[in-house]
Amino acid sequence: MLETLDLSAMGHNSTPYIHAVAEALKLAFADRERYYGDAKEGGVPLRELLAPAYLRERAKLIRMDRAASEQPAAGDPWRGDGVAGAPPRRAGEAGAPVAADGTTHIAAIDRDGNMICLTPSGGVFRKSVFAPELGCTLSTRSEMFVLEEGHQNALTPGRRPRTTLVSYLICEGGVPTMTIGCPGGDDQAQADLQLVLNVLLFGMNPQQAVEAPRFSTQTLVNSFYPRVYKPGQLNVEPGIPERTRAELRALGHSVTEIGACGIGAVVTHRDPKTGVLSAGADPRRPTYALAW
């Protein structure tokens with residue numbers, strides 16, 4: 001969707017840029033809520049959802065003069081239509097946000113250019129159940145199931161829940177050059193998107209990319225129980241200036257300052273020509289870049 005817009009001309013973290021990215025995320029999360037679940041069970045139209053023609057139709061729904069005040073309707077990827085007739089599913093409710101702890105991100109590159117990145121999570125949250133007979137905590141990821149019969153992500157025996165865990169390996173010219181990851185629940189994919197744009201579109205180095213102020217839309221049904229839904233809310237970090245916030249409010253966003261939109265981001269890079277390795281560590285919580 002964002003490829004249909006000239007984000008570079010808008011300028012990094014400008015009002016039009018934040019608005020456009022947030023509105024595209026709303027559309028993507030609407031499709032996630034409708035279609036995402038355990039892919040091995042079938043019925044998740046990933047190829048159709050990622051089809052350029054479908055995404056162009058979805059992108060046409062982005063209004064640069066007004067923010068969507070509610071979660072948009074999901075599209076119909078089989079028809080390639082940007083809007084589906086079915087109303088959006090909003091099983092969430094108002095409530096306190098889930099404590100953003102427990103998840104971490106780890107990445108490593110060696111001298112030969114081998115890369116790995118992973119985002120482990122789900123067994124060390126404060127709400128995790130400890131099983132003395134096993135000597136370990138049990139994963140909390142089952143709370144991401146939807147208790148709604150017929151939903152693609154419905155609680156079903158033998159099925160895995162949809163999760164927020166994502167890690168990125170970027171290749172340039174077929175050669176792996178970069179990894180990106182950032183914990184943070186539903187802010188995770190949003191932070192990662194901004195990190196990708198920071199390095200690929202705006203040419204930032206890894207440390208600049210992770211330190212740049214971030215934002216996240218809350219116009220989605222939260223993945224964690226009780227699946228909080230906060231339509232219209234746009235969270236911004238302290239580094240987003242007040243003038244930009246005022247302009248975003250004028251577009252219809254309910255702007256709320258939050259300490260961090262994704263915490264513990266790590267970006268690594270290997271220059272394919274020189275072999276020089278670099279990494280950026282997020283100052284939003286204890287995070288480290290090490291070399292030896």
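Residues numbered from 1 in each chain as written. Predicted model: local features only at pLDDT ≥ 70, side-chain atom pairs only at ≥ 80, totals over all residues. Heavy atoms only, no water.

Participant: Any details on the packing of aromatic side chains? Residues and values, ideally.
Facilitator: Aromatic rings in a pair are described by how distant their centres are and how their planes are angled relative to each other. Applying the stated criterion to the full structure yields three aromatic pairs. Consider the rings of Tyr-35 and Trp-78, whose centres lie 5.6 Å apart with planes at 75 degrees: the pair is edge-to-face. Taken as a pair, Tyr-35 in helix α2 (residues 15–35) and Trp-78 in the loop between α4 (52–59) and β1 (106–109) lie far apart in primary sequence, 43 residues in all. For Tyr-35, a relative accessible area of 5% translates into the label buried. Ring pairing ties together the aromatic residues Tyr-17, Phe-202 and Phe-215, which thus form one cluster. (Phe/Tyr/Trp six-rings, centres within 6.5 Å; stacked < 30°, edge-to-face > 60°. Helix = DSSP H or I, 4+ residues; strand = E, 2+ residues; numbered from the N terminus. Buried < 20%, exposed > 50% of the residue type's maximum accessible area, 1.4 Å probe, protein only.)

Participant: How would you explain helix α5 (residues 186–200) if you had to name every residue and give the values?
Facilitator: A rise of 1.5 Å per residue sets the reference length of α5, with its 15 residues, at 21 Å; its end C-alpha atoms lie 22 Å apart and thus fit the reference within 8%. Counting buried residues along α5, twelve of its 15 residues qualify, which places the element largely inside the surrounding structure. (Expected span 1.5 Å × (residues − 1).)

Participant: Break down the nonpolar core for me, citing the residues and quoting the values.
Facilitator: Core analysis: the largest hydrophobic core is formed by 22 residues, its most contacted members being Leu-7, Tyr-17, Ile-18, Val-21, Phe-215 and Leu-234. Going through the elements one at a time, α2 and β8 (233–236) are the ones with two or more residues in this core. The greatest single-element share of this core, amounting to nine residues, is contributed by α2. Aside from chain neighbours lying at most four places away, what touches Leu-7 is Leu-2, Tyr-17, Ala-20, Val-21, Leu-197, Leu-201 and Phe-202. (Core = buried A, V, L, I, M, F, W, Y, C linked by side-chain atoms within 4.5 Å. Contact = heavy atoms within 4.5 Å.)

Participant: Tell me about the pattern of salt bridges, residues and numbers included.
Facilitator: This structure, assessed with the given rule, holds 15 salt bridges. A salt bridge links Asp-186 to Arg-32; the nearest nitrogen and oxygen atoms lie 2.8 Å apart. Within this pair, whereas Asp-186 is found in helix α5, its partner Arg-32 is found in helix α2, the two being separated by 154 residues in sequence. Accessibility assignment for this pair places Asp-186 and Arg-32 in one class, buried. Connected via shared salt-bridge partners are Arg-214, Glu-237, Asp-282 and Arg-284. (Salt bridge = Lys/Arg side-chain N within 4 Å of Asp/Glu carboxyl O.)

Participant: If you had to explain the pairing of β8 to someone new, which residues and values would you point to?
Facilitator: Where burial is concerned, the two faces of β8 agree: the one with Gln-233 and Asn-235 and the one with Leu-234 and Val-236 are both buried. For the crossover from β8 across helix α7 (residues 242–250) to strand β9 (residues 254–257), the handedness is right-handed. (Right-handed = clockwise from strand over helix to strand, strands pointing away.)

Participant: Could you give an account of the packing of α2 against α5, naming the residues involved and the relevant values?
Facilitator: It is the contact of α2 with α5, at a shortest axis distance of 12 Å, that shows an interaxial angle of 135 degrees. Relative to α5, the element α2 lies oblique. Our pair here, α2 against α5, has a crossing hand that is right-handed. Facing α2, whose interface residues are Tyr-17, Val-21, Leu-25, Phe-29 and Arg-32, α5 presents Asp-186, Gln-190, Leu-193 and Leu-197. Taken together, the residues of the contact of α2 with α5 sort by class into six nonpolar, one polar and two charged. (Axes fitted to C-alpha atoms, helices over the stretch in contact; angles between N-to-C directions. Parallel < 35°, antiparallel > 145°, perpendicular 65-115°, else oblique. Left-handed = near helix turned anticlockwise from the far one by under 90°. Nonpolar A, V, L, I, M, F, W, Y, C, P; charged D, E, K, R; others polar.)

Participant: I'd like a description of unusual backbone geometry, backed by residues and values.
Facilitator: A cis amide bond, omega 5 degrees, links Tyr-225 with the succeeding residue Pro-226. The backbone phi angle of Asn-13 is positive, close to 55 degrees, even though this residue is not glycine. Along the polypeptide, Asn-13 turns up in the loop between α1 (7–10) and α2. The residue Arg-227 is not glycine, and still its phi comes out positive at about 55 degrees. Of note, Arg-227 is situated in the loop between β7 (215–217) and β8.

Distances and angles like these do not, on their own, reveal function.
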